Amino acid sequence: MANIFIVSVTNNEAIYNQAIANNPNLANCQIIKYDNSQENLAIPVRYNHFIEHQLNGQDGWLVFCHQDFEWLQKPEEVLNDLDKNCVYGPIGVTSKEYSSLHLIFHTYRFRPSIRKKKEFQTLVLGGIFQGFPKKDYPIGKRLSKPTPVDTVDCCCIIVHSSLVRKYGLKFDELFDFHLYTEDFCRAAAQHDIKVMAVQCACRHYSEGKITEDFWKKYDKLLDKYPEDFFLTTCALYTKQAVQRKLRHLSPKWIEAAKSVLSNSR
């Protein structure tokens, strides 16, 4: 069985103990805790510290997860059969292009015409539970096999140490508390590494908050990957997200973004 490292940053001991420290499903894993209750360092700083200073040549799966991310099964049941050359997460997002037929009515002719219109559908892939125990609810589409996505949610990202070493992967510390996982995914994609959602039995207690600082980091992420059209779980349907994307996109993606905007809530 491969080594599994559970790496978390915590500022709430009770929640961390409930989700991770006292979780019997993690009995075969190595638990790495970064206490942020006193020195509130950025999460990617902590994650990079583990990669650069604590991994120490060891080989295995690196599971970077929030302090309130609870495994409801043994991680090895999921990870042992995965391809080591991909980046994974229990929930991710992508979009699917499809064509729909529209009737166009004209004032100057009796019969309407039929036109094809390209549209995009948002897909949240990987079924997890959201919320505290006994108050949780399912989100995402359950999967029978790992499935490609644009990005995975920052509640949990999984990558093998061999892939980190091969490509020098690390977290961009510019994204201190927002979108550091999404950036990791897009950086990996620049090396033609697939990003995949994988079905896990798990629960994420909190829903997170979209703050003004989030939007500032979102703009930074778009600036960093101007040729990419990608979605994130934290800004799935908001028109504000797509409107911001329009300001950063190259011309070939503008029509696609407009389609998402017209169909978003």
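Refer to the structure printed above.
Here the structure is a predicted model, which means the values were calculated and not measured.

A. Just the overall build of the chain, in detail. Along the backbone of the chain there are eight helices and 14 strands. Across the chain, the fraction of contacts at a sequence separation of at least 24, relative to all contacts at a separation of at least 6, is 75%. Carbon and sulfur atoms form 49% of the exposed surface of the chain, whose accessible area is close to 13600 Å².

B. Fine view of the packing of aromatic side chains. What the rule picks out here adds up to 14 aromatic pairs. The interplanar angle of 85° and the centroid separation of 5.9 Å between the aromatic rings of F69 and W71 together place this pair among those described as edge-to-face. Of the two residues, F69 and W71, both sit in the buried class. Site record: aromatic cluster; members linked through ring pairs are F5, Y47, F50, F64, F171, Y180 and F184.

C. Geometry of helix α5 (residues 180-189). Extensive coverage of α5 is indicated by the burial of eight of its 10 residues. By the burial criterion, the buried members of α5 are Y180, T181, E182, D183, F184, C185, R186 and A188. Residues of α5 that are buried make contact with α2 (43-54), β5 (86-89), β11 (151-152), β12 (156-160), β13 (194-197) and α6 (212-224).

D. Just helix α1 (residues 13-21), in detail. Those residues of α1 not exposed but buried are I15, Y16, A19 and I20. Looking straight down α1, one finds that the buried residues subtend no more than 95° of arc, so they occupy a single side. The inward-facing, buried residues of α1 abut β1 (3-10), β2 (30-35), β3 (60-65) and β4 (69-71). By the N-cap criterion, in which a side-chain oxygen at the helix start approaches the backbone nitrogen of a residue two or three places on, α1 is capped by N12, the distance to A14 being 3.3 Å.

E. Representation of the pattern of salt bridges in the model. Tallied over the full model, the rule gives eight salt bridges. One salt bridge connects K33 with E13, and the closest N-O pair in it is separated by 2.7 Å. Here the residue K33 occupies a position in strand β2, and E13 occupies one in helix α1, the gap between them amounting to 20 residues. Residue classification places E13 among the partly exposed residues on the basis of a relative accessible area of 39%. The salt bridge partner of D176 is K217, with a shortest N-O separation of 3.7 Å. In this pair, D176 is assigned in the loop between α4 (161-167) and α5 and K217 in helix α6, connecting sequence segments 41 residues apart.

F. Here's a closer look at the pairing of β1. Among the eight residues in β1, seven count as buried, and that is most of the element. Where β1 lies against β3, five bridges are found, and the strand directions are parallel. Pairing of I6 across the sheet is with V63, part of β3. Direction of pairing for β1 relative to β2: parallel, over a ladder of six bridges. Bridge assignment links S8 to a residue of β2, and that residue is K33. A crossover links β1 with its parallel partner β2, the connecting element being α1, and its sense is right-handed.

G. Fine view of the side chain of H160. On the secondary structure map, H160 appears in strand β12. Using a relative accessible area of 1% as the deciding quantity, one classes H160 as buried. Leave out the neighbours within four places in its chain, and H160 touches D59, G60, W61 and K84.

H. Geometry of the side chain of S8. Summarising the element assignment, S8 is placed in strand β1. Within the local environment of S8, its side chain forms a polar contact with the backbone oxygen of C65, the two atoms lying 3.0 Å apart. Residue contacts for S8: discarding those within four places in its chain leaves Y16, I20, I32, K33, Y34, C65 and H66.

I. Examining the nonpolar core more closely. By size, the foremost hydrophobic cluster in this structure holds 41 residues, and its most contacted members are F50, F64 and V87. Counting residues per element, this core draws most heavily on α6, at five residues. Leave out the neighbours within four places in its chain, and F50 touches F5, V7, I32, Y34, L55, L62 and F64. Core analysis: the next-biggest nonpolar cluster, separate from the first, contains 29 residues, I6, L26, W61 and Y205 among them.

J. Broad picture of the sheet that holds strand β9 (residues 137-139). As summarised here, the arrangement of the four strands in space is β4-β14-β8-β9, forming an open sheet in which the pairing is mixed. Because the sheet does not close on itself, it has two edges, and the strands there are β4 and β9. Each strand axis lies, on average, 30° off the axis of its neighbour in the sheet, ignoring direction. Strand direction decides the pairing type here: strand β8 (residues 128-130) and β9, joined by three bridges, are antiparallel. Residue pairing across strands places F129 opposite P138, the latter belonging to β9.

Conventions adopted
- Residues numbered from 1 in each chain as written.
- Predicted model: local features only at pLDDT ≥ 70, side-chain atom pairs only at ≥ 80, totals over all residues.
- Heavy atoms only, no water.
- Helix = DSSP H or I, 4+ residues; strand = E, 2+ residues; numbered from the N terminus.
- Contact = heavy atoms within 4.5 Å.
- Areas by Shrake-Rupley, 256 points an atom, 1.4 Å probe, with all protein chains shown as cover.
- Phe/Tyr/Trp six-rings, centres within 6.5 Å; stacked < 30°, edge-to-face > 60°.
- Buried < 20%, exposed > 50% of the residue type's maximum accessible area, 1.4 Å probe, protein only.
- Arc of directions from axis to C-beta.
- Polar contact = N/O pair within 3.5 Å; in protein donor to acceptor, adjacent residues only side chain to side chain.
- Salt bridge = Lys/Arg side-chain N within 4 Å of Asp/Glu carboxyl O.
- Pairing = 2+ DSSP bridges.
- Right-handed = clockwise from strand over helix to strand, strands pointing away.
- Core = buried A, V, L, I, M, F, W, Y, C linked by side-chain atoms within 4.5 Å.
- Axes fitted to C-alpha atoms, helices over the stretch in contact; angles between N-to-C directions.

Everything listed is a geometric property; what it means functionally is a separate question.
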